[in-house]
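The primary structure of each chain is shown beneath.
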Amino acid sequence: MPSMARPRVSALRGAQACMRVCGVWRSASSWADVVQTAKNAVASDSTSAAQGAAAVSSLTHDPLAVVGQDLSVLRQSISTLLGSGQPSLDRIAKYYFAAEGKHVRPMMVLLMAKATNGLSAAWGMQRAHAIGEDVDKPMNRESVLNDVNPTPPPPPSPTAPRPLPAQYEPKLQHTILPTQRRLAEITEMIHVASLLHDDVIDASPLRRGAPSAPSKFGNKMSILGGDFLLGRASIALARLRDPEVTELMSTVIANLVEGEVMQLRAQETVSERVPVTDLMSTMPSAEELERFWTAYAPSTRDAAVAPTRHQFQVYLQKTYLKTASLMAKSACSAAVLGGCGEWATQSYAMSATQRADAAAVCDAAYAYGRHVGMAFQLVDDLLDFHATTEAFGKPSGGADLKLGLATAPVLYAWQELADSPLGTLVARRFSEPGDVEQALELVHRSQGLARTAQLARYHTEAAHKALAVLPASDARAALAQLNEQIITRVK
Ligand code: FPP
Ligand code: MG
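Residues numbered from 1 in each chain as written. Chains lettered and ligands numbered in written order. Predicted model: local features only at pLDDT ≥ 70, side-chain atom pairs only at ≥ 80, totals over all residues. Heavy atoms only, no water.

As annotated in an unreviewed UniProt entry, the protein chain carries the name (2E,6E)-farnesyl diphosphate synthase and is attributed to Malassezia equina. The heading Cofactor (unreviewed entry) in the UniProt record of the protein chain holds the text "Mg(2+)". UniProt, in the comment section headed Sequence similarities (unreviewed entry), describes the protein chain in these words: "Belongs to the FPP/GGPP synthase family." (UniProt positions renumbered as here; feature names shortened; annotations may be inferred.)

Below, the structure written as structure tokens:
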């Protein structure tokens, strides 16, 4: 399935290390067995896949019990990262962090770090270097506040061998590295920056149960506040000194914009084909399209009046870009920072098997994040038809329809009720009086909501299967529970 594959950082390929790391590698055979068993489970039929999922969920742990303490310091740490000498900028940049968010993305990063640390043969080296990095150096130094460009230390040469760590400490496996904590913060900063911009685009009056940033501070300040967050997130990202993570997280920012533009264009011309970069990882897989769209299409359907396969494909691609990309690439980045990335595996003299195992960990983290992200957005689109604005803390009860958006429940309802006025309503973007109410009624009359829920459940199960590649741990169990919480959430 092409969409399962995480994008490779080709620029890092070919960097060969000449170091031999003695005594720090875990037994390749036992770990290789784990990976192979899990790969078999993932590739096999639905019966054994279901068994794999059941094995994953047999351990249940509350995510907050595993990383709750880490999350409580996250908000304070972000506040430090966002300090600005401009009081109005300082206020808006921190505004959405003051409200109680779900913190799904940083939680996922912290849990993935715990679930994958120690799995790479390069873990000991990576840990030693992460602790030596300057991630915690304050950004709001006088020089930065007064706009004097600080002089950063030169980045390490990609081909230079790294020195051996003084000592490898296996007991520190399953801890979280400072670089991974910072990644969790960066992830939340990018997410909140996108919300600051999104609430301007959607003219949304509410966010997290309170007035949105644009309604409190105005559109201009919201845009500038989002830009400021991205700037500070970029400094923090650069300080991780990991080119693969920089590339992954910068791609997320581009993907968020691509997803938003795709959504805007879809509002203008429903069937427009929008080419996006990075196609392999952004497209839905053939299996997803077949099972959740083509299988339902009556053969006699007139393509001129019914929603096309391409429209559904565009919807899924947009969903990946605006929501799942951030979760996929940040979960993957957590594993990369733990030594499973291309840079680490090529910088240390690892065997081919060890490199393949480390890559399998990154792929699993990526697949988990992608599927959780897809399920998250599908549930969001579903809840727009169920939740009330009060319960959701943001506009609901047909808010997407009011923005002219045809999400999965509408596309499915339209496919099923092809002779109804739904196609006309979609074409004019629910813009005439009574359109939203009529569309709501048609969607509720159809199987659209049930089929969207089935699609979301498919992604939840695929995320469970991805976790089977990782060894059992509290963190893996918590990731499984986080996945379940997302599909069963009501807000
Ligand atoms: C919420 O979607 C919005 C997003 C998931 C992404 C928005 C992205 C941009 C505005 C592009 C700019 C990006 C950056 C990083 C500055 P929604 O409107 O469906 O959900 P909502 O109901 O929570 O608003
Ligand atoms: Mg919005």
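From this point, the narrative continues.
Peer 1: Explain the overall build of the protein chain here, please?
Peer 2: A tally of helices and strands in the protein chain yields 23 helices and 2 strands. Looking at the protein chain as a whole, 54% of its 491 residues qualify as buried. Expressed as a percentage of contacts within the protein chain between residues at least 6 apart in sequence, the contacts between residues at least 24 apart total 84%. In the structure as shown, the protein chain presents an accessible area of about 20,100 Å², 57% of it carried by carbon and sulfur atoms. (Helix = DSSP H or I, 4+ residues; strand = E, 2+ residues; numbered from the N terminus. Buried < 20%, exposed > 50% of the residue type's maximum accessible area, 1.4 Å probe, protein only. Contact = heavy atoms within 4.5 Å. Areas by Shrake-Rupley, 256 points an atom, 1.4 Å probe, with all protein chains shown as cover.)

Peer 1: Would you take a moment to explain helix H21 (residues 435–445) for this structure?
Peer 2: Within an α-helix, residues lying three or four positions from one another point in the same direction, as the helix has 3.6 residues per turn. Those residues of H21 lying buried are Asp-435, Val-436, Ala-439, Leu-440, Leu-442 and Val-443. Within H21, the buried residues cover an arc of 165° as seen down the axis, which keeps them to one side. Opposite its buried face, H21 presents the exposed residues Glu-437 and Arg-445, each directed more than 90 degrees away. The elements touched by buried residues of H21 are helix H18 (399–402), helix H19 (408–416), helix H20 (422–427) and helix H22 (448–467). (Arc of directions from axis to C-beta.)

Peer 1: Hey, could you run me through the nonpolar core in this one?
Peer 2: Soluble globular proteins tend to pack their nonpolar side chains together in the buried interior. One finds Phe-312 and Tyr-368 to be the most contacted residues of the largest nonpolar core, which totals 123 residues. Counting residues per element, this core draws most heavily on helix H14 (residues 309–340), which supplies 17 residues. Apart from the residues within four sequence positions on either side, Phe-312 is in contact with Leu-289, Phe-292, Trp-293, Leu-411, Tyr-412 and Leu-455. (Core = buried A, V, L, I, M, F, W, Y, C linked by side-chain atoms within 4.5 Å.)

Peer 1: Would you mind showing me how to read the coordination of the magnesium ion (ligand 2) here?
Peer 2: The textbook angles at a metal center are 109.5 degrees for a tetrahedron of four donors and 90 or 180 degrees for an octahedron of six. Around the magnesium ion (ligand 2), the protein supplies Asp-198 (OD) and Asp-202 (OD) as donor atoms, at distances of 2.0 to 2.1 Å. Overall, the relative accessible area of 16% leaves Asp-198 in the buried class. (Donors = N, O, S within 2.8 Å, 3.2 Å for Na, K, Ca; no water.)

Peer 1: Just checking my understanding: could you explain the packing of H14 against H19 for this structure?
Peer 2: Two packed helices can be described by the angle between their axes and the distance between those axes. Interhelical geometry of H14 versus H19 gives an angle of 170° and a closest axis separation of 11 Å. Considered as vectors, H14 and H19 are oriented roughly antiparallel to each other. In this structure, H14 crosses over H19, and the sense of that crossing is left-handed. From H14, Gln-311, Phe-312 and Tyr-315 reach across to H19, where they touch Ala-408, Leu-411, Tyr-412 and Trp-414. In terms of residue class, the contact of H14 with H19 is made up of 6 nonpolar, 1 polar and no charged. (Axes fitted to C-alpha atoms, helices over the stretch in contact; angles between N-to-C directions. Parallel < 35°, antiparallel > 145°, perpendicular 65-115°, else oblique. Left-handed = near helix turned anticlockwise from the far one by under 90°. Nonpolar A, V, L, I, M, F, W, Y, C, P; charged D, E, K, R; others polar.)

Peer 1: Looking at this structure, how should I read the site of ligand 1?
Peer 2: Taken together, the neighbourhood of ligand 1 is formed by 13 residues, with Asp-198, Asp-202, Arg-207, Lys-322 and Lys-394 sitting nearest. Interatomic distance of 2.8 Å between a side-chain N/O atom of Asp-198 and an oxygen atom of ligand 1. Take Lys-322: an N or O atom from its side chain is 2.6 Å from an oxygen atom of ligand 1. Out of a free accessible area of 630 Å², ligand 1 has 90% covered by protein chains. At the level of secondary structure, the elements contributing two or more residues to the shell around ligand 1 comprise helix H8 (178–201) and helix H11 (243–268). (Near = heavy atom within 4 Å. Polar contact = N/O pair within 3.5 Å; in protein donor to acceptor, adjacent residues only side chain to side chain.)

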